[in-house]
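Each chain is listed here by its residues.
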Amino acid sequence: MMKSRISFLLVRTSFLALSLAGPARAQSAGDGAAAPSVEAVTVTGSRVASKGFDAPTPTTVLSSQELEAKAALTVTDIISEIPSLAPNQNNNNSQNIGITTFNLRDIGPTRTLVLIDGLRVEDTSPTGGFNVNVIPAQLVDHVDIVTGGASSAYGSDAITGVVNVSLKSSMTGGKIDFQQTQSNYGDDRATSLALTYGNDLAGGKAQWVFAGSYYSQPKIIYERARPWGRLGYTEFQNTAAAVAAGAPVYQIGPGGTLAEETYGGVITTNAPGLKNVQFLGNGQTAPFNPGGLCGSTAYCQNGDGVQTYNTPDGVLLPKSSRTNLYTKLTYDLTPSLQAWASILYSYDAETGTNVPNYDNGTLSIGINNAFLPASIVSQMKADNLTSITIGKDNLQDLATVNVGETRYLRYVAGLKGAVPWVEGWNWDADVMYTQANWVDTSHNNRIVANWNNAVNSELNPAVGGVPGVAVGAPICVSTIANPTNGCVPANVFGPDSISQSAQNYYLGTSWVSDWSTMLDFAFNLHGNLFHTWAGPIGAAFGGEYRRNAINQTSDPISHTLGWRQASAEPFYGANEVREGYAEFVVPLTVPNVPLMENLNLDVAGRVVNYDTSGTAFVWKTGLDYSVNDQIRFRGTYSKDFRAPSVNDLFSTPLISNGATVTDKQPGPHYLQGDTIQTLSGGNPNLKPEQAKTLTAGIVLTPAFLPGFTASIDTYNINMANAISTFSVQQVVDGCYLNNISTLCSGITRNPATGQITIVSATEFNAQVLKVNGIDLEGSYLFDLGMLDDSLAGSTLVFNDKASYVEHITTTVLGVETENAGYLTGNNSLPHWRDTFTVTYNNGPLNVRALMYYIGPGFYAPGYSTPQEIQPYHWDGYTYFDLSGSYQITDRIQVYGKINNLLNQNPPMIANNATLKALADSSLLYDQIGRLFGVGVRYAF
């Protein structure tokens, strides 16, 4: 099967080409002692031979022309065109709202090193990584993606590769770019405005560039705003009896309703006359119909519970506002010495909503509760019960509004020049200081202790009651012992039964603020050592010192993890890094030998010392062999690493909500689905991850087909000691199926009901991760003038980028899991992803059509048979985009685009997260629908 798929794509690739101009090339690091180039360094996985696509390590390049043709509003839009990058915008969570990261191979963004202008970046959020949307799309000059291990060249984190984003560094004159978009449904009305300007100063010795951009998407977009979202597709669990009779364990279908929650409350205690009684308010009750497919406590189908889509969750796109400023000044101090400095500032505010405050069948109510209807009290006495449990979705509290703000300030200064006493050698040195402030604020959050106090009420007794309160009036039980605690009793029986004064008591605003800083000094020296029979031996040497620190603060209630969600304790952590590297490119071409036009060996080594995790040595060896100017082979074998970050090591516990887990403890709750809180945090005993990476490929530029280039590269990553955070299900399975006592200690149960309530999932060096596959790129430039003289100057460019992932296997606690070929879950990707573009150029007119293909796949690892889940497999999906531009005058260009031209709905790959069971839980697919965009560019 694999051979047939590869053969198909090889045939297809033979008609395509890699880029309009062929392989990307840049000036070699050792080309004489002339004044150093002002252009940004092209990242190729090598410090010596900066020749882009000609380097041994596979490199994908997106040019500024390609970026403008796409008319991308954000860098997130750019990611969708690179099959090796996994789409991963965080839209539907309580933290890191709107954050998008570069995530090669979908094995974690922390394993992809991100550079701006060739220099390492600091994370915008300790828990979310580097948000690529602080980089303004309109200011991007080009993007280079090294899809192979590059730790020896660039340091820690480059296990899967490097993404270098080069910003505009020189220009004469300016450009204003304005764009407006709107979806087929009248929302996603985003506005983008960008200004770039540059000019020479000091008689041509200096070059100054300024750029600024503003982006606004003013509305939170929910899945209920889409016809497919209002169908309520959810993952249901069948009952044990139905499964025994042949039904699948899980069933995806429409009509999702919460099994144990209504807006007024429903009794979940399994007692005759009480179970499934719901509260309508004003003391009124009614029977509750949970619906069908009720095998878990999360969801049933078409019951009386809260509809999955009819709450303020299910966010498809957050409200966004971003401002970016960038300036760079270069100055030629002498003909061979240049000084430069740059500042990048970004402010990004993302607003989303999380689920309302809720209790999924776990809210305990005593028989003496002041507001409990008399009919329920009578039945409890008849059943000899002193308390009951209810489930309630407190929509009256409104949604929890989460606002994530990122302020990012990056200062860089440097010198570069030619070594005066050695011809052909250049050097560069830079100092960088980055300050990132991430603030996460959650409005309408519930203070857990106050909520429990408010719910635990009774009528004020005549003896021993609260002074100053009428006998028989509702009071908090806690106020009897502490009359000044301010508690206001809450009536939870009914949809709008809680008083405003009670809400004021138990609701509040939580916040966590992280100040992350990075100080970095780096020095590089590169040139030619000496000549051999085959040419000069290129060499590069360098060193770096880096200090990273995080200072996290939070509100006082968060210090004790006292909020329902988004609680985070304060912490401070720092580490220092010292490293040095050497790299050599050795020409081995033997003259006059047939089938050997060029042969180079690239070897590199790097020693890195972390004061928190010790010393690591990594290396790379690469071979670049050209048979002739039409066929070239390349390959690398490297040892790469990633040291644990400051957050990995020192972060304190963090609470999140809404996860579901299947209980595996033998007994009354076996296979019951519970809604839980997740407790996560760092581990100071973490060690660096280590990986062996092998890449091998061929580049074809056949003479019989001018304008054609293609490449085929295989990759194999074998990572041991990988840092992983156990999923909540892995913790439960490891405890009850594998008898691992350390995992059992991380499971907390409700003492009254026995249900799982909290699962602690901490980071460990406990994973083996293996990834292998094939990347294919190809392009073909066809001159239409060859067909007819009237078409002279017109061209068609066919471009294809495809990625086939054969295996993504993770081994945790001795259990191996295959993630390739799946559409949801951590580290999961379908086997095939492909982007194909056709671009037509005719003078002032440019038209571009894009086809984006997502291969077929199964639901999630562990759910790949009809008996486990239905449906268990989805066919491949194809999207089409169309964009075009027209140059009206030398200064004015108008452009437009239509994304998701056919307005395709995503597949209904639903999940079962409590209160936010997205009908489409995979980030692979477009969820907005057809999107129109128009814009104008004005040059001056």
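Predicted, not measured: the structure shown is a model, and the values here were computed from it.

Caption draft 1: View of the sheet that holds strand β1 (residues 59–62). In space, the 5 strands of this open sheet follow the order β1-β4-β5-β2-β3, with mixed pairing throughout. Of all strands in the sheet, those with a lone pairing partner are β1 and β3 (119–120), marking the two edges. Direction of pairing for β1 relative to strand β4 (residues 140–146): antiparallel, over a ladder of 4 bridges. In the strand pairing of β4, leucine 62 is matched with valine 143.

Caption draft 2: Up close: the packing of aromatic side chains. In total, this model carries 23 aromatic pairs according to the counting rule given. Plain terms: the ring middles of tryptophan 425 and phenylalanine 541 are 6.5 Å apart, the flat faces sit at 10° to each other, and that makes the pair stacked. Of this pair, tryptophan 425 sits in the loop between β22 (400–418) and β23 (426–446) while phenylalanine 541 sits in strand β27 (residues 535–554); the two residues are 116 residues apart in sequence, bridging distant segments of the chain. According to the relative accessible area criterion, phenylalanine 541 is partly exposed, its value standing at 29%. By way of ring pairs, the aromatic residues Tyr197, Trp208, Phe210, Tyr938 and Phe940 are connected into one cluster. Across from the ring centre of tyrosine 222, 4.5 Å away, lies the NZ or CZ of arginine 224, which sits over that ring. Over the aromatic face of tryptophan 340 sits the side chain of lysine 328, whose NZ or CZ is 4.9 Å from the ring centroid.

Caption draft 3: Structural view of the pattern of salt bridges. Counted under the stated rule, the structure contains 27 salt bridges. In this structure, the salt-bridge partner of glutamate 576 is arginine 547, at a minimum N-O distance of 3.8 Å. With glutamate 576 in strand β29 (residues 571–587) and arginine 547 in strand β27, this pair connects stretches of sequence that are 29 residues apart. Classification of arginine 547 as partly exposed rests on a relative accessible area of 30%. For arginine 634, the salt bridge identified is with aspartate 713, shortest N-O distance 2.6 Å.

Caption draft 4: Region of the structure containing the nonpolar core. Met719, Val771, Val805, Ile808, Ile854, Tyr859 and Tyr925 are the most contacted members of the largest nonpolar core, which has 30 residues in total. Those elements that place two or more of their residues in this core are β11 (250–253), β36 (708–725), β38 (756–783), β39 (794–812), β42 (845–854) and β46 (877–887). Tallying contributions element by element places β36 first for this core, with 4 residues. Contact partners of methionine 719, with chain neighbours within four places excluded, come to Ile107, Arg111, Ile159, Glu689, Gln690, Ala691, Gln767, Val768 and Leu769. In terms of nonpolar packing, the next biggest core, distinct from the first, is built from 29 residues, Leu62, Ala72, Leu85 and Ala436 among them.

Caption draft 5: Just the state of the cysteines, in detail. One pass over the structure, following the stated rule, counts 3 disulfides. Across the disulfide from cysteine 476 sits cysteine 487; the S-S distance is 2.0 Å. Between cysteine 476 and cysteine 487 the sulfur-sulfur dihedral comes to about -75°; the bridge is accordingly left-handed. Highlighted residues: cysteine 476 in strand β25 (residues 474–476) and cysteine 487 in the loop between α8 (477–481) and α9 (500–506), separated in sequence by 11 residues. Both residues of the pair, cysteine 476 and cysteine 487, count as buried. The disulfide partner of cysteine 735 is cysteine 744, and the gap between their sulfur atoms is 2.0 Å. Here cysteine 735 and cysteine 744 share a disulfide; its torsion about the S-S bond, 105°, makes the bridge right-handed. Given a relative accessible area of 4%, cysteine 735 falls into the buried group. With cysteine numbering restricted to those in disulfides and following the sequence, the chain has the pairing 1-2, 3-4, 5-6.

Caption draft 6: Broad picture of helix α6 (residues 374–382). Restricting attention to buried positions, one finds in α6 the residues Ile376, Val377 and Met380. Taken around the axis of α6, the buried residues stretch over an arc of 100°, which confines them to a single face. Relative to its buried face, α6 has exposed residues pointing more than 90 degrees away, namely Ala374, Lys381 and Ala382. Contact partners of the buried residues in α6: β13 (266–267), β14 (277–281), β15 (284–287), β20 (358–366) and β21 (387–393). Where α6 ends, the next residue or the one after it, asparagine 384, has phi of about 60°, a positive value.

Caption draft 7: Examining the sheet that holds β11 more closely. Strand order in the open sheet formed by 3 strands is β10-β11-β44, and the pairing between neighbours is mixed. What marks the edges here is a single partner per strand, and that holds for β10 (234–237) and β44 (869–870). As defined by bridge partners, β11 adjoins β44 across 2 bridges and the pair is classed as parallel. The residue bridging tyrosine 250 from the neighbouring strand is isoleucine 869, located in β44.

Caption draft 8: Expanded view of the confidence of the model for the chain. The predicted model of the chain has a mean per-residue pLDDT of 88, with 94% of residues at 70 or higher. Taken as a whole, residues 49–53 scores under 50 in pLDDT and shows 23 contacts with residues more than four places along the chain or in a different chain.

Caption draft 9: A look at the pairing of β14. Counting buried positions along β14 yields 4 of 5 residues, so the element is predominantly enclosed. In terms of strand pairing, β14 meets β15 through 4 bridges, oriented antiparallel. In the strand pairing of β15, phenylalanine 279 is matched with threonine 285. Joining the antiparallel neighbours β14 and β15 is a turn of 2 residues, in which asparagine 282 adopts a positive phi near 55°.

Caption draft 10: Region of the structure containing the environment of proline 591. Within the secondary structure layout, proline 591 lies in the loop between β29 and β30 (598–610). The class of proline 591 is partly exposed, set by a relative accessible area of 49%. C-alpha of proline 591 to C-alpha of tryptophan 533: the two residues are 58 residues apart in sequence and 8.3 Å apart in space.

Caption draft 11: Highlighting empty space enclosed by the protein. Inspection of every chain in the model, using the stated rule, returns 13 cavities of 30 Å³ or more. Computed from the structure, the largest cavity encloses a volume of approximately 850 Å³. Lining the largest cavity are 39 residues, and of these Thr76, Asp77, Gln89, Asp926 and Ile928 sit closest to its centre. Those elements giving two or more residues to the lining of the largest cavity turn out to be α3 (75–79), β8 (206–217), β17 (315–317), β18 (319–334), β42, β46 and β47 (892–899). Top element by residues in the lining of the largest cavity is α3. It accounts for 3 residues.

Caption draft 12: Geometry of the side chain of aspartate 881. Here aspartate 881 is to be found in strand β46. Lacking a salt bridge, the buried aspartate 881 has lysine 70 as its closest oppositely charged neighbour, with an N-O distance of 4.2 Å. Polar contacts involving the side chain of aspartate 881 include one to the main-chain amide nitrogen of asparagine 900, which spans 2.8 Å. Beyond its immediate sequence surroundings of up to four residues, aspartate 881 is in contact with Lys70, Arg848, Ala849, Leu850, Ile898, Asn899 and Asn900.

Caption draft 13: Region of interest: the pairing of β10. Alternating positions in β10 separate into two faces, Thr234 and Phe236 on one and Glu235 and Gln237 on the other, with burial throughout. Note: β10 against β11, 4 bridges, orientation antiparallel. Across the sheet, glutamate 235 pairs through a bridge with isoleucine 252, a residue of β11.

Calculation rules
- Residues numbered from 1 in each chain as written.
- Predicted model: local features only at pLDDT ≥ 70, side-chain atom pairs only at ≥ 80, totals over all residues.
- Heavy atoms only, no water.
- Pairing = 2+ DSSP bridges.
- Helix = DSSP H or I, 4+ residues; strand = E, 2+ residues; numbered from the N terminus.
- Phe/Tyr/Trp six-rings, centres within 6.5 Å; stacked < 30°, edge-to-face > 60°.
- Buried < 20%, exposed > 50% of the residue type's maximum accessible area, 1.4 Å probe, protein only.
- Lys NZ or Arg CZ within 6 Å of the ring centre and 35° of its normal.
- Salt bridge = Lys/Arg side-chain N within 4 Å of Asp/Glu carboxyl O.
- Core = buried A, V, L, I, M, F, W, Y, C linked by side-chain atoms within 4.5 Å.
- Contact = heavy atoms within 4.5 Å.
- Disulfide = S-S within 2.5 Å.
- Arc of directions from axis to C-beta.
- pLDDT = per-residue confidence, 0-100.
- 1 Å grid on protein atoms, 1.4 Å probe; cavity = no way out; pocket = protein on both sides within 12 Å on 5 of 7 lines; lining within 4 Å.
- Points joined across faces, edges and corners; volume = space filled by probe spheres on them.
- Lys, Arg positive; Asp, Glu negative; His and termini not counted.
- Polar contact = N/O pair within 3.5 Å; in protein donor to acceptor, adjacent residues only side chain to side chain.

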